[in-house]
Amino acid sequence: MDRTELKKSYWTDAAMAGGIIGIVVLIINIVQINLPTGSMVTLLSLVKFMVFGYLIYYYARRRSVKYDAADGFSFGQSMGYILAMMLFTGFILGLSDFVLGNYVMPEYYEEGFATLLDNNPMYDPDTPEGESMLALLDAYRRSPVANALGGIFSYLIYGGLLGLVASAFVKRKPDIFAGE
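Parameters at a glance
- Each chain has its residues counted from 1, following the order in which its sequence is written.
- Reporting in this predicted model follows two pLDDT cut-offs: at least 70 for local features of residues, and 80 or more for side-chain atom pairs to be given and counted; totals over whole chains, interfaces and linings ignore these cut-offs and use all residues.
- Only hydrogens and water are set aside when side-chain values are computed; all heavy atoms of the structure are taken into account.
- Helix numbers and strand numbers start at the N terminus; a helix is a DSSP run of H or I with at least 4 residues, a strand a run of E with at least 2.
- Our radius of gyration is a C-alpha quantity, and the globule rule it is checked against amounts to 2.2 Å times the number of residues to the power 0.38.
- The criterion used for residue contact is that any of the two residues' heavy atoms lie within 4.5 Å.
- The method behind every accessible area is Shrake-Rupley, applied with a 1.4 Å probe, and residues are considered shielded solely by the protein chains displayed.
- Criterion for a salt bridge: a side-chain nitrogen of Lys or Arg within 4 Å of a carboxyl oxygen of Asp or Glu.
- We call a residue buried when its accessible area falls under 20% of the maximum for its residue type, exposed when it is over 50%, and partly exposed in between, using a 1.4 Å probe and counting protein chains only.
- Only Phe, Tyr and Trp rings are paired, with Trp represented by its six-membered ring, and only when their centres lie within 6.5 Å; those with planes under 30 degrees apart are stacked, over 60 edge-to-face, the remainder tilted.
- Nine residue types can take part in a nonpolar core, namely buried Ala, Val, Leu, Ile, Met, Phe, Trp, Tyr and Cys, and a core is a set of them joined through side-chain atoms within 4.5 Å.
- Whether a set of points on the 1 Å grid over the protein atoms alone is a cavity depends on a 1.4 Å probe fitting there but being unable to get out, while an open set qualifies as a pocket with protein on both sides within 12 Å along at least five of seven lines; lining residues are those with an atom within 4 Å of a point.
- Grid points are joined across faces, edges and corners, and a volume is the space filled by probe spheres set on the points.
- Lys, Arg, Asp and Glu make up the charged group, whereas Ala, Val, Leu, Ile, Met, Phe, Trp, Tyr, Cys and Pro make up the nonpolar group; the residues left over, Gly among them, are polar.
- Nonpolar side chains (Val, Leu, Ile, Met, Phe, Trp, Tyr) are joined into patches within 5 Å and like charges within 9 Å, using only residues with over 30% relative accessible area and no salt bridge.
- Definition of a polar contact: a pair of N or O atoms within 3.5 Å, with one able to donate and the other able to accept a hydrogen when the atoms are protein atoms, and with sequence-neighbouring residues admitted only if both atoms are side-chain atoms.

Colleague: So what about the overall build of the protein chain? Which residues, and what values?
Modeller: Counting secondary structure elements, the protein chain contains six helices and zero strands. Reading the secondary structure of the protein chain in the N-to-C direction produces α-α-α-α-α-α. Computed over C-alpha atoms, the radius of gyration of the protein chain comes to 20 Å, more than 25% over the 16 Å expected from 2.2 N^0.38 for 180 residues, which places it beyond the range of a compact globule. Each principal axis of the C-alpha distribution contributes one length, and for the protein chain these read about 75 × 35 × 30 Å. Put simply, 78% of the contacts in the protein chain that link residues at least 6 apart link residues at least 24 apart. Summed over its atoms, the accessible surface of the protein chain is roughly 11,000 Å², and 67% of this surface lies on carbon and sulfur atoms.

Colleague: Just give me the short version of the pattern of salt bridges, but keep the residues and values in it.
Modeller: Enumeration over the complete set of coordinates arrives at six salt bridges. Close ionic contact of R141 with E110 constitutes a salt bridge, the shortest N to O distance being 2.5 Å. A residue pair is termed long-range when its members are at least 10 positions apart, and R141 in helix α5 (residues 128-141) and E110 in helix α4 (residues 106-118) qualify at 31 residues. For E110, a relative accessible area of 39% gives the class partly exposed. Taking relative accessible area as the criterion, R141 reaches 11% and is therefore assigned buried. Connected via shared salt-bridge partners are E110, D138, R141 and R142.

Colleague: Give a detailed account of the packing of aromatic side chains, specifying residues and quantitative values.
Modeller: What the rule picks out here adds up to eleven aromatic pairs. Measuring from ring centre to ring centre gives 5.3 Å for Y10 and W11, while their planes differ by 85°; the resulting arrangement is edge-to-face. By relative accessible area, W11 is classed as partly exposed at 47%. With a centroid separation of 5.7 Å and 70° between ring planes, the pair formed by F52 and Y155 is classed as edge-to-face. Residue F52 is located in helix α2 (residues 39-64), and its partner Y155 is located in helix α6 (residues 144-170); the two are separated by 103 residues in the primary sequence.

Colleague: Which residues make up the nonpolar core, and what are the values?
Modeller: In terms of nonpolar packing, the biggest core is built from 27 residues, with I21, F52, I56, I82, M85 and M86 touching the most fellow members. Within the residue set of this core, elements represented by two or more residues are α1 (3-34), α2, α3 (75-104) and α6. Leave out the neighbours within four places in its chain, and F52 touches I21, V25, M86, T89, Y155, Y158, G159 and L162.

Colleague: Could you give an account of the layout of surface pockets, naming the residues involved and the relevant values?
Modeller: Each pocket or cavity is described by its volume, and for the largest pocket that value is around 780 Å³. What lines the largest pocket is a set of 27 residues, among which N29, I33, D97, Y108 and Y109 lie closest to the centre. For the lining of the largest pocket, the secondary-structure elements that each account for two or more residues are α1, α2, α3, α4, α5 and α6. Of the residues in the lining of the largest pocket, the class split is twelve nonpolar, eleven polar and four charged.

Colleague: Could you give an account of the side chain of S78, with specific residues and numbers?
Modeller: Within the fold, S78 resides in helix α3. Assessed through its relative accessible area of 0%, S78 is described here as buried. Not counting the four nearest positions on each side in its chain, S78 is found in contact with A60, F73, S167 and V170.

Colleague: Which residues make up a nonpolar patch on the surface, and what values go with them?
Modeller: Taken together, the side chains of Y54, Y57, Y58, F75, F153, I157, L161, L164, V165 and F169 make up a nonpolar region of the molecular surface, amounting to roughly 1,000 Å² of accessible area. Elements with a minimum of two residues in the nonpolar patch: α2 and α6. The element best represented in the nonpolar patch is α6, accounting for six residues. The residue F169 is located in helix α6 in this model.

Colleague: Could you give me a rundown of the side chain of S9, with the residues and numbers involved?
Modeller: Examined against the element boundaries, S9 turns out to sit in helix α1. Within polar-contact distance, the side chain of S9 engages the side chain of R63 at 2.9 Å.

Colleague: Please provide a residue-by-residue account of the environment of Y81, values included.
Modeller: With respect to the secondary-structure elements, Y81 resides in helix α3. Residue classification places Y81 among the buried positions, given a relative accessible area of 2%. For the pair Y81 and V65, spaced 16 residues apart in sequence, the C-alpha separation works out to 13 Å. The residues contacting Y81, other than those within four sequence positions of it, are Y10, D13, A14, A17, Y59, A60 and R63.

Don't take any of this as a statement about function, it's just geometry.
What follows is the structure, encoded as structure tokens:
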């Protein structure tokens, strides 16, 4: 594939791969939410981590083979592509959290936020600061933009950390004997 085609297909490929990763993780999240608490949830978390890591590797590797052997595929190119995928993955998962938390399964998310606040030593519901914290969390939960941006930020970090490992295996040095 020549360089202009590679540049044109970059964001399309990243969006497609990030979308697929986001949908797969979303399906696992929905299954995980509907399971009773226990060892199955823990096992499914491990499966989700492994599937997520594999999909990052798979799509980065798939992108790397589009580059000529003479050009290679650097660690930086791999990380850039993985982070581009994570933009789309985070967007999908952030918006799905908004929909699930406000319309589909609000009880589950309410329980999660209540547990989060109960375990926070800085939160005291009887103080003005505690009321302010609760109001801020509630505003965040009800904002699709905040959820989308939070998802993007979270998955840029999470996918980026896994991408560091995946990129070490995906990178290819340029073949000096390839080409003309």
